[in-house]
Every structure is written in C-alpha cells, then in structure tokens.
Amino acid sequence: MSFFALKSPLSASDRIERRRLIVTDSLALVTLFAVTALLAVLTNYLYQSYASHQVKLADRWLQRGEQAMRDNKPQAAIDALSSALAFDPNQRNTEIKLAQALASAGRIQEATVYFNSLLESQQGSGLINLQLARLAARQGDESQAMDDYQRAIYGNWEGDGYVRRREVRFELIKYLIEHQQLDRARSELLVASGNAPEDDISVQLEIARTMELAQDPGDALHLYKTILRRHPSLREALEGAGRAAFQMGRYLEAKRYLSHALEGPGVDQEPAAAIAKKRDSLNEATRLLALYPSSRLRPSQQIARVLTDRTLAMARLAECTQDRAAGPAKDSVQASAPAAKNASPLQSFASRFSRHPAQPAPNPAANPAPIDPLVTLTQRWQQLPVKISASDLEKDPELTQTQIQLIYDTELVTQQVCGAPAGDDALLLRIAQAPNQVEEE
Amino acid sequence: MSSATETPGVNPVPGVVADVDPVEVAAERRYRPNPSEVQRVAPNRDERLFLVLAIFIGVISGLLVVCFRVAINWIQVLTLGSAPRPGQLRLLFVPAAVGLVVAVLVQLVFPAARGSGINQTKAALYIYNGYISFRTVIGKFITSALSIGGGFSLGPEDPSLQIGAGVASMVSRRLNLSRERLRMFAPIGAAAGLAAAFNAPISAILFVVEEVIGRWSAAVLGSIVLAAISSVVVARWFWGPEPMFRIPVVTLKGPQELLAYAVLGVAGGIASLIFSKALGFSRPHLRRLARWTWYIQPALAGLIVGAIGFFGAPQVMGPGYNVIDQAMHGQFTWKFLLALALLKIVATTISFSSGTPGGMFAPTLFIGAMLGGAIGTFEKIFFPSFHVSVGSYALVGMGVLFAAFLRVPLTSVFMVLEVSGNYSIVLPVILANTIAYLVSRGLQPYPILETFTHQDGLDLPSMEEQREEMVLHLEDALRPVTCPVFPGNATLQEVSQQLGQADAPILLVKLHDGSWYSMNRNEFTSLAAIQTPDTPLERALKPDRVPLLFPDLPLDSAIPYLSRWPVLPIQNRASKGILEGVVSLDDVLGRYQRR
C-alpha cells in the first residue's frame, strides 16, 4: 500500500489513535534503549569484577605452580597450573610451564602433545622447540632431538634472543658430545665461536672448554691464545691453554702456560686437588722436556739426553721381549719357526739388558708367521754398536739421528706389542708420537 | 492443557503438571492485544518494529547471558572454591545445600523454572502463543545459576535459550504486537540466548530452526539471524572472539583413518542410548514420588554428585569446559576418560531427574569429549599406524553425542566447527555424526526431548518426525485428463453438441493466451442460456482463470482453489500448455487418506 493511500481513509479519531501509537511505540523503544543501557552497565560491572578476580586467582595458582616446580613437586605443579589456566586460558607462559611440569612428572607423551599443540599457534617459537628437543632427548629419539634443537636455535625468542640461542646451541653441543657425534659438535662450536662477542670472556672460555670436551684441542688452544692476547694473566685461560697444548703434545708451550697459571694470584684459593692436578701436568711436561733430545740444545746436552733415552728404550725393549717370550703357548707368533729361529738373538739381546731372568726358548717347529716387529726392532738395535759413548755421537751426527729415531720407534712398537708403558717410557712414548710438536709454539 | 498422548513405551506420569506455571496460563488469558485496530491505523507497524526489536532482543539476551555466566562463575568460586579437589568436604555439602535452596525456590516461587528450558520454550511457542513470564525468566536465571554454580552436573546453554526467549516474549508483549508476531518472537529470543551462550551464531540459528520451530521462513529467519548476531557481538565484546576450544589442524593421511572416526560414531550412538534410557527411566520415577520429596530430591542429588567429586572425580561437577580442554590436550589416560564419561552420565541423570533447573548441552558435550578422547587415546596406543590426535577425537566426540542424543545432526556439525574454529575437522565430524545419529535413531525411536514432553503430559510437535514425514506433491494425486478439452474459440453451440455426445460432468477450456478454465456442466448450461449460440466460449466465461500448478508442488497448495474450480489442470514445467493431468478435491482427499 502506498504512503498516500494510507493517509486518505483514516478518520480524525484514527489519526489521533495513530499518533498515540507512534508516541507509545517511541516511548517503548526509548525505555527499551534505557533498559539495555542500564543492563549493559550492570553487566560490565559484574564482568569486570569477576575478570579482575579471575586474574588474581590465575596469578595465585600460577605462583603456587611455580613454587611447586621449585620444590620439585611436579604433580602439585600440574594441578596448580591447570587451575591457573582454567582462570586465564590464554596465558601461553602458563601453558608452557604446565607442559614443563608434565615433562618433569614423567608424563612425556602428554607434555609432547601439549607442546605440539602450543607450537601450532606459535610456529617457530624457540622456547617450545627447545622443550620438544629435551623431550625427544629423554625419549631417546636422537634425530628428532637434533632437529628440534636446530629449530630452537633459529626460532623466535623473546627478550635477549641472541643469548638464548647461544645457550641452546651449547645445550645441543653437549648433547652431541654425549652421543659421540663429535664432528657435528665441533662444527657447532665453530659457529658458536664465530658468533661469540669478542669482549665476553666468559662465553669464549666456555666455548674453549667445550672444544676440549669435543676433543678439539687445536681450536681450543687457538681460542685460549686469543683470550690471553687481551688478558695475559687470566688464570682460566692459562690453565686451558696449558691443558690444550698438553693434549696436542706441545709440551714446551704447555709448561709455559701451566707455570704462569700456577704462579698467578689466587691459585691457592682453588681446591687442592685441582692444584695438584695442574702441578702433575706441569711436572710431567717438565720431565718430558728434560728427556726430549731437542735440536735447540747444545750438542753435548742433546747427546746426554740421547744416551739417557737410549738406555730407557733398550730396557723397554728387553722387558717387552721378555714378556713376550713368557706369554701363552697359543700365541702363533711365538710358536712360529722364524720366531723360534730368531728367539735366540732376541733372547740373547734381552739377556744383556733385561731386568728379568731369561726364559727358555720356545719350540722352533712351526709354520711360517708374519714378521715380528720386535724382531725387526731388535735387528735394528743389533746394527748399532752395543755401547755408544758421547764422543761417538758427537763425531757422528747421523748416528745421533738414527739413534733418536730408533729410540722413538722402540717406544712406539713396544707400546703396540706390550701395552702402554709407565714412567719415563710413557713420556718417551709421547715424544715419539709427535716429536716435532714438543717444542712447537 | 491437553491430555498426554499415549506413545508406545512412554507412559506419561499421572497427575504431573507440565513444567509450565499455571499462573502463566491465567496471565496469558489476561493479555488482550488489539491487532485489528493497530493494523487498520498503522498497517506496516509490526513489520517495521520486528527487525528493530530483533536487534534489541539480541543485545539484551547477550547481556543477560553474560550476566548469567558470570553469576555461575562467582557462585562456583565462592561455594566450591577456585580449584575443587577430591577429599574436600565442601564438595559434599555445598551441592546438597544448594539443592535444598533451589528446591524451595522452584516449588514455592518459580515453578516454571524447572527443567532444561528447551521444552518449556517450545510449550510457550505452541501452547501459550509465545508467552513466557518475567517471573520465569528471573526464576530460571537465579535457580540455574545456583544449581550450576553449586556443582550440579548441568549446563548453562539451555537456560540461556529460555532466558532469551523470555526476554523476547516480554519485549514483544510490551509493544502490543499481534498474536502471530508474539509467537514468532520466542524463537528469535531463543536463538539469541543460545548464540550468546555458545558464542556460536550459526549453531544457535540451526538449532532453533531444527528443534524449536522446525521450518524455514523468510520472515522469521532474517530476525533470528539478526538477533543471534547481535547477541554474539555482545558476548564477544566481553569474552573475546577466540573459539571455545583449540585443537591442532587435522590432516587425514588416508581414508582408512576415517574408519577410526566411524568407530567413534558407533560408540557415540550407543552412549547416547544409555544416557537417554537412564534419563527416561529415572525422571518419571522420581516425579511419581510424594510431593514432599520434591523438596529434598535436588539436595540428595547434590549429595550424590558431590560424593562423586569427593571420592575422586570433581571433574564431573558443573559444566566442565576446562575439563574438556584438558581432555583435548591429552592430560588423562583413556581409562580415566571413559570413567569420566560414565560418571558424567550418572551425575547428569541424577541432577536433571531430580528437577534441578539446568541444561543438558554442556554435559552432552562433556560426555562426548570424554568418550572421543578415550577412543582416540586407546587407538593412539594400540594402533600407532593411525595418526591420531586426541584433541580431534575429543572434538568429534562432542559433535557425535550432540547429534545422537539431541537428534540435531545439522546443528552438531556446525557447532563443532564454530566452537573450534577448525574447518579441517569437517569430514570426520560429518561421518561420525551421521553414523551416531543413525545408530541412535535405530536404537531409540524417540528423541529425549520428545520423551520429556510426553512424560510431562504435553503434546508438542516433534521436529524430527516432521523432518521424516513424507511430503506429498500434486503428482501423487494426479490422474489422467479424461474430461473433454475445448479451445477458447469454440462456439457455445459446438461445445453443447459435443457435451451432449460425451456425457462428461466437467470440461476444460484452453484459452488463446495459454491459460485454462474448468467448469462443470451446470455452469456451462447457465452460461449458454444467457449467450447466443455462436458466441465464442472464451467470451462467455467469467474473468478468473485456473491457477498455474505443477506436479512438484505440495499437495496442499491445491486446496485453496478447489472450492472455486471443480478440477485443476496440472501443467508441465518444460512445455507450457501441456497437461500432466488433473486433480479434484476427491483426488486430494483420497491421497491424504491413503498415507
């Protein structure tokens, strides 16, 4: 019906009625609006009152949960943190803590599920990936743990992300070392070293120490030296450099660093066992250097050391030979004809220098056997004069070098055949393993 | 009130008055709208007010539902504490004390506040012209807040639905709207209340259409949507837009994983049967006890529910949404989840059957989530080849119970999508819900809400039955054209001669513009008597024409015309002018009688 058609059939009373209806409806709508506004105010007041109370309750339960975690009560922590979440469901930190509590309580599956669901809404979160890595590590899933650690390192971190990433990298490195994945650990250490700030000594020291654990003394020594260039008296760096140099066979360097470390201030504040250990290393390096026939020495001094080392090596060879001769009959080398054939020269050689009485020769009847390294060694000794004097060596430098090499080879071979030596022989063995390293700096 | 219809297997409780306050009946009689006068002086008034009021109803319902939920939370925190734990004595005493208070209030002050609220809203719509009193709204608010907050195993959604419907009823009454409009407002308010309670507008709209009014109508649908959206806007203003539950994205690795969800559907169907049987058995038995026991039944129910909490499962107390969230995050073993599902059935049955006001939506979701979580956890352990996410199973489980127990399959799908905001779950939800619905229908012929109405002595329309009813069309009553058909340009003399030979009681006339006219022999004789014999038939006819009808139209669409026309020609949609057949009143009535 059109607007104009509406107006015309209404009588005067109808128009009055219509006007009254309009006024009534308008008043009703205004009243409705007022009621709505009042209800909105009341609702807002009620809601805010509960919301603030809810926040207090959530905070209270969160604190109880954190305290329970500190008190090592994970189940109580789970209950408290669940209650905290019930009152404030959108708190990611509370959810993370709850998941951590579940992990602490041994509920690994639930914790993993929780963290995975958190990860869905926080893709790339470093913290969550770190927690998942730890859970995977606890479950023995190495590949998953490493993947998660990598994601944690390159993930998003709140606050000082650089520091957190570095800490996570260290955690990964330690995990790799524990699982004997040393190559990968070394790679990560190099990355960490490259990222480390130059002015943060503690970080660099930690990296260097971890390099030692990863059996990378070379990089560790390099890093310690870098630190010492700026802080020449830093005891930890001196000790570390000494250790690394010692591991590398650079005993002169090790002696220098260890000496400085033990002479520095504050040494006596260290535990006695630690001091004793350092002194032992220093003494060892000192003694080793005393045995080392360095070419930097005067010829007479060098020759004196050669003669000392010669005596040691020959005794070592004799002892080893004696021990081999007295070994079990099933040893095929001992039962072989060449061995039997050569037993006499070995026996006679050994009897000249051995500290132990000679043993009867083994039965010569046997099949041909591989060449006994001891025999070869003995033959080499037999090619040298039985007695060599200092003047003989002074006159013949080539003889000196030959003797030195023979001494080294004796220690190496006897170590292979008769096991690790002790005492000065052990030191000679170390020299023999890397003679050029001893005085390298 | 009508007497209860005897339904096989469901005997109404003798002497029990339906959950409608008799005062409401008298109040309805007092109300006398004057629609004719209003219609005369302002014919478009109701229409214009309708949409505006829908928004007001939505906003007010949203605010009231927020108040309702806050009240529940406050009562829960103040009575049961911020974190109920097994062994706390208050768990035993508080629900019992609250039950006593609620019983007194319901029996003496707010008798219409009993029940969940859905059937009460339907009763208001179909029996009392959409009338819900202010006292009922207040009573429902107070008693449900007390019972739910006090630890009873009930939910806030159903009471929110009734509160919203009550608000709509009050608003529409104050504005003196017509009876037809009054009836329409109750479902509008119901949708608004439910939408705010669930924070899910689509589900609320679908539920009201699927369960309360049972049909779509453009006039009502627009207002329902407007009200629901308004209430959700208000609710989200306070609660934020986050979905109620969050689960990771579900990625099905292969169709075989749907089998696992199918198992959940079957289990949900069986669980809904157990739940329905328990409620259907206990409720009338408790109501048949002496009237004085009605004062203490809620207290005893509270004591039992509290005992369940005291002895190890406080999770079953209250709506349990935070427990559902914990289940979705896999914090319980499958055995405990199963135990929670069973205990929740027991607790809800006791709570509801004792007459304590409160709803069943939240317990239904809880039971479904626990069941789904249990099955998901079980499959995760024993069938590791399935990539099972416990959260997705719990979510699907919620929908499964919703579909099977409340028998609202469409609503259940959208409800799951809305409360999770996760569309990736849609395939498992549809599959599991459909299976659960079919299993439930096969095992339990009557939905639980219909069972309740029968127990209350009411006879409300069953929306499920209406959905399943076979709709008859004109093609079902069609018969071939046996009467003579004449062109409009035939003369009266020609027609008269042919009629004399054919002896047909009815004739059809096809006019030059493609329209049709039908008349009986008497009408033709009367026309022919006052016209010359050479008058074309078309010119002699009355001006009205037979309506355009097609075979696919509902059968009842022909009824209004059969008083005027002796037969109605049914035309072909593709070829205008070609008749498929004809129908008469006898044909239509005969077809209905053969149903």
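Residues numbered from 1 in each chain as written. Chains lettered and ligands numbered in written order. Predicted model: local features only at pLDDT ≥ 70, side-chain atom pairs only at ≥ 80, totals over all residues. Heavy atoms only, no water.

Colleague: How do you make sense of the overall build of chain B when you look at a structure like this?
Modeller: Secondary structure summary: chain B contains 24 helices and five strands in total. Referenced to the eigenvectors of the C-alpha coordinate spread, the extents of chain B come out at roughly 105 × 65 × 45 Å. Sorting the 595 residues of chain B into buried and exposed places 60% on the buried side. By sequence separation, contacts in chain B at least 24 residues apart represent 77% of the contacts at least 6 residues apart. With an accessible surface of roughly 23,300 Å², chain B has 63% of that area assigned to carbon and sulfur atoms. (Helix = DSSP H or I, 4+ residues; strand = E, 2+ residues; numbered from the N terminus. Buried < 20%, exposed > 50% of the residue type's maximum accessible area, 1.4 Å probe, protein only. Contact = heavy atoms within 4.5 Å. Areas by Shrake-Rupley, 256 points an atom, 1.4 Å probe, with all protein chains shown as cover.)

Colleague: How do you make sense of the state of the cysteines when you look at a structure like this?
Modeller: In a disulfide, the sulfur atoms of two cysteines are covalently bonded to one another. All names here are of chain A. Within this structure, the stated rule accounts for one disulfide over all chains. At a sulfur-sulfur separation of 1.8 Å, the disulfide partner of Cys320 is Cys418. Its S-S torsion of about 85° marks the bond between Cys320 and Cys418 as right-handed, since a negative value means left-handed. Of this pair, Cys320 sits in helix α15 (residues 299-325) while Cys418 sits in helix α20 (residues 397-418), and the two are 98 residues apart along the sequence. (Disulfide = S-S within 2.5 Å.)

Colleague: How should the pairing of strand β4 (residues 568-571) of chain B be read in this particular structure?
Modeller: Regular strands show a simple pattern: their side chains alternate between the two faces of the sheet. All names here are of chain B. Residues Leu568 and Ile570 of β4 are buried on one face, and the alternating residues Pro569 and Gln571, pointing to the opposite face, are buried as well. Where β4 lies against strand β5 (residues 579-583), four bridges are found, and the strand directions are antiparallel. Bridge pairing links Gln571 to Leu579 in β5. (Pairing = 2+ DSSP bridges.)

Colleague: How should unusual backbone geometry be read in this particular structure?
Modeller: Trans peptide bonds make up most of the peptide bonds, and negative phi angles are found at most residues other than glycine. You will see that A:Gln215, though not glycine, has its phi angle at about 60°, which is positive. With respect to the helices and strands, A:Gln215 occurs in the loop between α10 (201-213) and α11 (217-230). Here the phi dihedral of B:Asn199 falls at roughly 55°; this positive angle occurs in a residue that is not glycine. B:Asn199 sits in the buried class, given a relative accessible area of 13%.

Colleague: Please clarify how a nonpolar patch on the surface should be interpreted in this entry.
Modeller: Together, B:Leu100, B:Trp292, B:Ile296, B:Leu300 and B:Leu303 make up a nonpolar patch on the protein surface, roughly 490 Å² of accessible area in all. Mapped onto the elements of the fold, B:Trp292 is located in the loop between α11 (256-287) and α12 (297-310). (Patch = residues over 30% accessible without salt bridge, like charges linked within 9 Å, V, L, I, M, F, W, Y side chains within 5 Å. Salt bridge = Lys/Arg side-chain N within 4 Å of Asp/Glu carboxyl O.)

Colleague: Would you mind showing me how to read the packing of aromatic side chains here?
Modeller: Aromatic rings considered in pairs are described by the distance between their centres and by the relative angle of their planes. A full pass over the atoms with the stated rule returns 18 aromatic pairs over all chains. Clustering of aromatic rings is evident, with ring pairs tying together B:Phe198, B:Phe207, B:Phe361 and B:Phe402. Lying across the ring of A:Trp61, A:Arg64 places its NZ or CZ 4.6 Å from the centre. One residue, B:Arg69, lies across the ring of B:Trp239, its end atom 5.2 Å from the ring centre. (Phe/Tyr/Trp six-rings, centres within 6.5 Å; stacked < 30°, edge-to-face > 60°. Lys NZ or Arg CZ within 6 Å of the ring centre and 35° of its normal.)

Colleague: How should I be thinking about the nonpolar core in this particular structure?
Modeller: If you look at soluble globular proteins, the nonpolar side chains tend to sit buried side by side. In terms of nonpolar packing, the biggest core is built from 161 residues, with B:Phe198, B:Ile324, B:Met370 and B:Met398 touching the most fellow members. A per-element tally of this core places helix α3 (residues 45-80) of chain B first, with 18 residues. With residues up to four places along the chain from it excluded, the contact list for B:Phe198 reads B:Glu157, B:Met244, B:Tyr321, B:Phe361, B:Leu365, B:Phe402 and B:Met415. By size, the runner-up hydrophobic cluster in this structure holds 73 residues, among which are A:Tyr149, A:Ile153, A:Leu289 and A:Leu427. (Core = buried A, V, L, I, M, F, W, Y, C linked by side-chain atoms within 4.5 Å.)

Colleague: Mind showing me how you'd approach the sheet that holds strand β2 (residues 506-510) of chain B here?
Modeller: Residue and element names in this part refer to chain B. Strand order across the open sheet formed by three strands is β1-β2-β3, with mixed pairing between neighbours. The strands lining the two open edges of the sheet, one partner per strand, are β1 (485-487) and β3 (516-520). Across the sheet, the mean angle from the axis of one strand to that of its neighbour is 25°, orientation sign disregarded. Note: β2 against β3, five bridges, orientation antiparallel. The partner of Val509 across the bridge, within β3, is Tyr517. Here helix α22 (residues 521-529) sits on the sheet in contact with β2 and β3, set at roughly 100° to β3. (Axes fitted to C-alpha atoms, helices over the stretch in contact; angles between N-to-C directions.)

Colleague: Hey, could you run me through the pattern of salt bridges in this one?
Modeller: If charged atoms from side chains of opposite charge come close, those side chains can pair. Residues and elements named next belong to chain A. All told, the structure shown has 29 salt bridges over all chains when counted by the stated rule. With a closest N to O distance of 2.9 Å, Glu212 and Arg243 form a salt bridge. Of this pair, Glu212 sits in helix α10 while Arg243 sits in helix α12 (residues 235-248), placing them 31 residues apart in sequence. On the accessibility criterion, Arg243 (35% relative accessible area) is partly exposed. Here the residues in one salt-bridge network are Lys225, Arg250, Glu253 and Glu440, joined through shared partners.

Colleague: What exactly am I supposed to notice about the packing of helix α14 (residues 272-291) of chain A against helix α21 (residues 423-433) of chain A here?
Modeller: Residues and elements named next belong to chain A. Where α14 contacts α21, the two axes come as close as 9 Å, and the packing angle between them is 75°. As far as their axial angle goes, α21 and α14 are roughly perpendicular. Residue-level contacts link Glu284, Arg287, Leu288 and Leu291 of α14 to Asp424, Leu427, Arg430 and Ile431 of α21. Residue composition of the contact of α14 with α21, grouped by class: four nonpolar, no polar and four charged. (Parallel < 35°, antiparallel > 145°, perpendicular 65-115°, else oblique. Nonpolar A, V, L, I, M, F, W, Y, C, P; charged D, E, K, R; others polar.)

Colleague: Help me understand the confidence of the model for chain B in this model?
Modeller: Parts of the model with low pLDDT should not have their predicted coordinates read in detail. Residue and element names in this part refer to chain B. Chain-level statistics for chain B give a pLDDT mean of 86 and a share of 91% at 70 or above. Predicted confidence in chain B is weakest over helix α1 (residues 22-30), with a mean pLDDT of 53, and strongest over α12, with 96. Across residues 1-20, confidence stays below pLDDT 50; counting only partners more than four residues off in sequence or on other chains, it has 44 contacts. Among the scores for the predicted complex, ipTM is 0.79 and pTM is 0.71. (pLDDT = per-residue confidence, 0-100.)

Colleague: Where do I start with the interface of chain B and chain A in this structure?
Modeller: Note: interface size is frequently given as the accessible area lost on complex formation between the parts. Residue-level contacts link 36 residues of chain B with 38 residues of chain A. Taken over both partners, the interface formed by chain B and chain A buries close to 3,500 Å², and the fraction arising from carbon and sulfur atoms is 68%. At the boundary of chain B and chain A, one finds zero salt bridges. At the junction of chain B with chain A, the criterion picks out five residue pairs in polar contact (both at pLDDT 80 or more). (Buried area = accessible area lost by both parts, 1.4 Å probe. Polar contact = N/O pair within 3.5 Å; in protein donor to acceptor, adjacent residues only side chain to side chain.)

Colleague: Would you mind going over helix α5 (residues 118-126) of chain B with me for this structure?
Modeller: Structural remark: α-helix, 3.6 residues per turn; residues separated by three or four positions point the same way. Where burial is concerned, most of α5(B) is hidden: eight out of the nine residues are buried. Listing the buried residues of α5(B) in full gives B:Ile118, B:Asn119, B:Gln120, B:Thr121, B:Lys122, B:Ala123, B:Ala124 and B:Leu125.

Colleague: What is the right way to read the environment of B:Glu157 from this model?
Modeller: All names here are of chain B. Tracing the sequence through the fold places Glu157 in helix α7 (residues 157-174). Each C-alpha atom, one on Glu157 and one on Asn176, is 29 Å from the other, the two residues being 19 residues apart in sequence. Apart from residues no more than four positions distant in its own chain, Glu157 is found in contact with Leu194, Ala197, Phe198, Tyr321, Phe361 and Ala362.

Colleague: Even after reading the chapter, I still don't get helix α18 (residues 373-383) of chain A, so can you show me in this structure?
Modeller: Among the residues of α18(A), A:Leu374, A:Val375, A:Leu377, A:Thr378 and A:Trp381 are the ones counted as buried. Buried residues of α18(A), seen end-on, are gathered within an arc of 160° and therefore sit on one face of the element. (Arc of directions from axis to C-beta.)

Colleague: Teacher, can you tell me more about the packing of helix α2 (residues 12-70) of chain A against helix α3 (residues 74-87) of chain A here?
Modeller: All names here are of chain A. Axis separation between α2 and α3 bottoms out at 8 Å; the angle between their running directions is 160°. Classified by the interaxial angle, the pair formed by α2 and α3 is roughly antiparallel. Crossing handedness for the pair α2 and α3: left-handed. Here Tyr50, Gln54, Leu57, Ala58, Trp61, Leu62, Arg64, Gly65, Ala68 and Met69 of α2 lie close against α3, whose contacting residues are Ala76, Ala77, Ala80, Leu81, Ser83, Ala84 and Phe87. For the contact of α2 with α3, the class distribution of residues is 13 nonpolar, three polar and one charged. (Left-handed = near helix turned anticlockwise from the far one by under 90°.)

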